[in-house]
Structures are given as structure tokens and as C-alpha cells.
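# Secondary and tertiary structure notes
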Amino acid sequence: MCIFNISITHLFRNIVVKSGLLEWKWPKLLPFVLFAIFLMTMCNSLLVSVFEYYWDPSSINTELDRKLFAGLEISAVYFLWTIIYFVFHYFERSTKSLQYEAAISEFELNNLKTQLNPHFIFNALNSIRALVDEDPKKSKQAITQLSNILRNSLILDKKKLISFEEELNTVKDYLELELVRYEERLNVDYDISPESMDFNIPPMMIQTLVENGIKHGVSQLTKGGSIGIKTHINNHTLVIQIRNSGQYLNGKSKSQVGLGIKNTIKRLDLIYSDQASFSIENENSDTVLTQIVIPETI
Amino acid sequence: MKTLIIDDERLARKELLSLLDSYPEIEIVGEAVNADEAFSKIQSLKPELIFLDIQMPEKTGFELLEMLDAAPKVIFTTAYDEFAIKAFEYNALDYLLKPINTDRLAETINKLLSKDDKKEKEEEKTPRKLSANDQVFVKDGDRCWFVKLADVRLFESDGNYIKVYFEKNKPMIHKSLNALDEKLDDRSFFRASRKHIINLGWVDTIEPWFNGGLMVQLKGGEKIEVSRRQAARFKDMMSL
């Protein structure tokens, strides 16, 4: 009789694999599986009866209760088989998807760290070229600042965290260069609490957000605008606030949120799990507030 | 050649001005810092050439081109958008990457000037109708074209849009056929019916049709019915 079990479960497995049942959620899957067990039991019983009748025609007279009992036995076998089959696949799939997600995160993290907007670099170089005639001293300074940023973005690949001070210096160099480019259309304002320097933060994180604020905010305004960076310590956490002129999600839907923001959230989650936080919102009708809260130690 | 420089950054404009200093043929008639200012300066100064930045506050360079009925010659200047420019299928334009390479600039301007000589200033001072030699900017989704009107065989109205037929493409522009009809030069373009304007240069065969109308087949294969009212005018124009 074992041959029936094996061939029926094999058939069932083929159907499951072909129809992609393994992707289904439990509530949808359960009634189907129960029905399948019932069906398999019926098939099996039928086959057994036919088989028995073939060998011994008198078996047709076997009492009904014996038959029912045999049926129960058979269904128990199928039930057990199904449970083992689905549980095994469920675990296998979930470990696979976890490994996959980890690999993707790692990849994205590396990708993000090296990301320095080429648009910015070439525009900066272009304004520096004009500056060489106009103000040679300032142009030399700008070249140094651009080198600092490039150097930082190259080294930072290797580091998970850097001191707040280092990051702030990169941001300052970056904003100096944007000032060369946007001139009176950009106002920059810092309000940094001295204790911030004791903190470590992920490299290029403030930089990316400041760059975003300029790209989507200030640079879109004909008359220009301002960007401000403010930090304070709150309950052993570092609170970094970036305010820029403009409107967040100006007429866009949430699904169009840029890669910069998505990656920042992901990076914070990967490094600090739920100990850090990120938010971005319109503070009022012409200012966007981006805030990151970073814990003292990991 | 009357030229307008459009860029939101003062230093970028200054740099371009100093580069163009060595080309006396290029006469800078003005500068604009955004698309709206550029639009009004193009109307008033009527430049033959514009240097156009793509990324500008509020409106991009592409949006500026979409606002214009006929685009002057355009040289895009951009820091890192060459992929955006490569979206152009129909290359009646050139682009320069900032910081601008002087050799590349020389090449671009020489090409432009030699083309200009050949064109002989034939209809320089005709009243401002769009002639077959004008180019229009057409954008459909991600693809952009500069189309010479001579290459457009048919305009077909479709709701609030007009389908522009040229080569194998028929992108849509947001305009009314009546407004377009007023601007087009009626020596080359003919209003065949309520829905169609055809380019007379592309007419292949003409057959008599019902009710005294005509059926015109264009060289692209499209068949357009000319209404009875227009048929008489059409015969007039097509005969010597």
C-alpha cells in the first residue's frame, strides 16, 4: 500500500511546486491544504478498495466502520507528510530571503558611501574655472576644498563611522563650494553644540542630506534660499537638524521619495537598528526640516 | 549670429562669455538667468542661437523649449546630463559639457557657422510665420526631437493634442490645430480638413473622392480626405 502513498504525495508535490503554492500566505493556504488532504485520502481509500476487491472480491463486504478507521489512518499519514513538507520549505525560504536581504543591504551601503554627486563636482569645477580670472585667491581655496571632499569620499569607503567633527568639516567644504556656485542665492547657517564633537556618525550622512536640501530645495528657487545645520545633545543622544528652504514632496507622492532618503534610513537601521531615528517633514510653508537622532554608543 | 546665454549661475555665464570672446561671429545680445526670463528675451531679442543650461530653478531648459513655437539653434551646456541629451532622437543640436573644452567649443561653433553659410539668408526677413526651414522642439515622454518642419508630413488633431508625423514617429504636442494653422506658412502647409494639416511637399497621389472632395495620399502612406470646401483651394495651390 506504501506505493499509493508515495505516488499520491509525489503528484501533490508536483502540483504545489508548479502552481507556486509555496508563495501563498497561511490563511489562504490552509483551506486548500485541508481539502487536498481530504482528496488524497479519498483517492487512496478508493485505490486500496479497488486493489483489495481485485484480490479478494469478498472484501466488498467489509464493515463500514473498519473502512472508516482505515481512512482516518490514511489521512493522518497525509496530514503528517503535508506538515513536514510545508514547514521544511517555509524555513528554507525564510533563511534564503534573509541572506538575500543582507547581501543587498551590504551592497547598497557600499554603493551609498561612494556616492558623490558628479553633477556637483563638474559644476564646482566650472565655477572654479571662471573664478581663476576673477578672484585667483578664492579659486585656490576652492580647489583645496574640492580636493578635501574628493579625498574624504574616497577614504570613507573603508569606515563605518567617523567623528562628527570630520563629517562637519566635509560639509563645510561642500557648502563653501556651493556658495561659490550659487553666490547670493544661498545662505548658510551653523549652530553646533560643542558636545557634538564627542559623537561618531556614519560618514557622508549629513553631507548627503545637506546636498539633498540644496538640490531639491534651494537650487529650485529662482531667488535662492538658505540651509542651516543645528545640533544639540538630548538625553545622551545627538540630535542633528537640517533646515532648508523649499517644500518636501512638493506635489509628489510618498512613493517618489528619493534614493538619498531611503538609503539614509536603511543605513541607520543597519548600523544602529532601532536606536537611531530619522524624519523629514515640512516645518512650515517654506522650510523643510530633516532630523537624525544618533545614540552615543552602539 | 545673435546669441543669448541662458544659465542660472553667474560664474558659468561669465566663463562662457570669456570663451566666446574669441569668436567675433558670435554676437552676444543678452543673458538670462531662468526659463521665464529667457522666454521673454527670446521673444524680444530674437536670437538665432541660444546656449542653454538644462538644470535651472523652477523650469528646466527642456521646459523652456516646449514653451517656444519655433526654437532657435540650441547648444546645450550642462555639467552631467549628457544622458538627458542623448534622449534626442533627431540631432539638430549640439551639447557642451561644463567645464567646457575649448577645442570642442571651436568644433561646435565652426560646424554651426559653416551650416549657416550654406543656408544663404534666404528668408531672413519674412514675416514671422513658421516656414519649412524652422525647427520645432517635440517631447513625448522621455524622447525629444528637434524636427525641421519640412520633415513633418502631417499634423493630426487628437483631443487637446496634435500628433506630429515625421519619419516613423508620431509624438504628441499639447496645442490646438487652429492655433498651429495660424502660425504655419500656408505656402507649405495646407489645412486639409477639421482634423488635418498636411505638408504639400509630401503629397504623393491625389484622387477625386465623394461629394467633390479629394483623397490625398502622402509619401509616408497616410491617406487624408480633403473636404469639399477645401478641395477647390487645394486644386488652386497644387496647380501652376
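As a starting point, this report considers the structure included with it. The structure presented is a predicted model; accordingly, all values stated were derived computationally and were not measured.

## Brief notes about the overall build of chain A
Scanning chain A from terminus to terminus reveals eight helices and seven strands. Per-residue burial for chain A yields a buried fraction of 39% across its 298 residues. Pairs at least 24 apart in sequence give 74% of the contacts found in chain A among residues at least 6 apart.

## Re a nonpolar patch on the surface
Residue and element names in this part refer to chain A. A cluster of nonpolar residues, Trp 26, Leu 30, Leu 34, Phe 79, Ile 83, Val 87, Tyr 90 and Phe 91, forms a patch on the protein surface that exposes about 800 Å² of accessible area. Listed by contribution, the elements that provide at least two residues to the nonpolar patch are helix H2 (26–55) and helix H3 (64–114). Its relative accessible area of 40% is what places Ile 83 among the partly exposed residues.

## Some details on the packing of helix H4 (residues 118–134) of chain A against helix H6 (residues 164–182) of chain A
Angle between the axes and distance between the axes: these two values describe a pair of packed helices. Residue and element names in this part refer to chain A. Put simply, H4 and H6 touch, their axes get as near as 9 Å, and they point 60° apart. By the angle between their axes, H4 is oblique relative to H6. Relative to H6, the crossing made by H4 is left-handed. Residues His 119, Phe 120, Asn 123, Ser 127, Ile 128 and Leu 131 of H4 form the contact with H6, whose participating residues are Tyr 174, Leu 177, Glu 178, Val 180 and Arg 181. Looking at the contact of H4 with H6, its residues break down into six nonpolar, three polar and two charged.

## Points about helix H8 (residues 259–272) of chain A
All names here are of chain A. Look at H8: 20 Å from first C-alpha to last across 14 residues, which is about the 20 Å you get at 1.5 Å a residue. Within the sequence span of H8, burial applies to Gly 260, Ile 261, Asn 263, Thr 264, Arg 267, Leu 268, Ile 271 and Tyr 272. Burial along H8 is one-sided: seen end-on, the buried residues are contained in an arc of 165°. At the exit of H8 stands Ser 273, carrying a positive phi of roughly 45°.

## Considerations on unusual backbone geometry
Residue and element names in this part refer to chain B. Of note, the bond from Lys 98 into Pro 99 is cis; its omega dihedral lies within 30 degrees of zero at -5°. As for its placement among the helices and strands, Pro 99 is situated in the loop between strand E6 (94–97) and helix H5 (102–118). The backbone of Lys 46 shows a phi angle near 45°, a positive value even though the residue is not glycine. Tracing the chain through its elements places Lys 46 in the loop between helix H2 (35–45) and strand E3 (49–53). In this model, Glu 167 sits at a positive phi of 40°, which is unusual for a non-glycine residue.

## Looking at the side chain of Ser157(B)
Residue placement: Ser157(B) occurs in strand E9 (residues 152–158). Residues in contact with Ser157(B), not counting those within four places in the same chain, are Ile162(B), Leu177(B), Arg194(B) and Lys195(B).

## Considerations on the sheet that holds E6(B)
All names here are of chain B. The strand order across the open sheet formed by five strands is E2-E1-E3-E4-E6, and the pairing between neighbours is parallel. This sheet does not close on itself; its edge strands, each paired only once, are strand E2 (27–32) and E6. For this sheet the average axis-to-axis angle between neighbouring strands, irrespective of direction, equals 20°. Contacting strand E1 (2–6), E2, E3 and strand E4 (73–78), helix H1 (residues 10–20) runs over the sheet at an angle of about 175° to E2.

## Some points on the side chain of Asn169(B)
Residues and elements named next belong to chain B. Note that Asn 169 resides in the loop between strand E10 (161–166) and strand E11 (172–174). Look at Asn 169 and you get buried, because its relative accessible area is 14%. Setting aside residues no more than four positions away along its own chain, Asn 169 makes contact with Arg 143, Trp 145 and Val 164.

## Things to note about the sheet that holds strand E14 (residues 203–208) of chain B
Residue and element names in this part refer to chain B. Pairing is antiparallel across the open sheet formed by three strands, whose spatial order is E14-E15-E16. Sheet topology places E14 and strand E16 (223–226) at the edges, where each strand pairs with a single neighbour. Between one strand axis and the next, the sheet turns through 25° on average, direction left out of account. As defined by bridge partners, E14 adjoins strand E15 (residues 214–218) across five bridges and the pair is classed as antiparallel. What sits directly across from Glu 207, in E15, is Met 215.

## Section: the interface of chain A and chain B
With 19 residues of chain A in contact, the opposing surface of chain B contributes 19 residues. Where chain A meets chain B, there are six salt bridges. Glu134(A) is the salt-bridge partner of Lys14(B), the closest N and O atoms lying 2.9 Å from each other. Here chain A and chain B share 10 residue pairs in polar contact (both at pLDDT 80 or more) between them. Sorting the residues of the side of chain A that touches chain B by element identifies H4 and H6 of chain A as the ones contributing at least two each. The greatest single-element share of the side of chain A that touches chain B, amounting to 11 residues, is contributed by H4(A). In the side of chain A that touches chain B, the residues fall into seven nonpolar, seven polar and five charged.

Rules used throughout
Residues numbered from 1 in each chain as written. Chains lettered and ligands numbered in written order. Predicted model: local features only at pLDDT ≥ 70, side-chain atom pairs only at ≥ 80, totals over all residues. Heavy atoms only, no water. Helix = DSSP H or I, 4+ residues; strand = E, 2+ residues; numbered from the N terminus. Buried < 20%, exposed > 50% of the residue type's maximum accessible area, 1.4 Å probe, protein only. Contact = heavy atoms within 4.5 Å. Patch = residues over 30% accessible without salt bridge, like charges linked within 9 Å, V, L, I, M, F, W, Y side chains within 5 Å. Areas by Shrake-Rupley, 256 points an atom, 1.4 Å probe, with all protein chains shown as cover. Salt bridge = Lys/Arg side-chain N within 4 Å of Asp/Glu carboxyl O. Axes fitted to C-alpha atoms, helices over the stretch in contact; angles between N-to-C directions. Parallel < 35°, antiparallel > 145°, perpendicular 65-115°, else oblique. Left-handed = near helix turned anticlockwise from the far one by under 90°. Nonpolar A, V, L, I, M, F, W, Y, C, P; charged D, E, K, R; others polar. Expected span 1.5 Å × (residues − 1). Arc of directions from axis to C-beta. Pairing = 2+ DSSP bridges. Polar contact = N/O pair within 3.5 Å; in protein donor to acceptor, adjacent residues only side chain to side chain.

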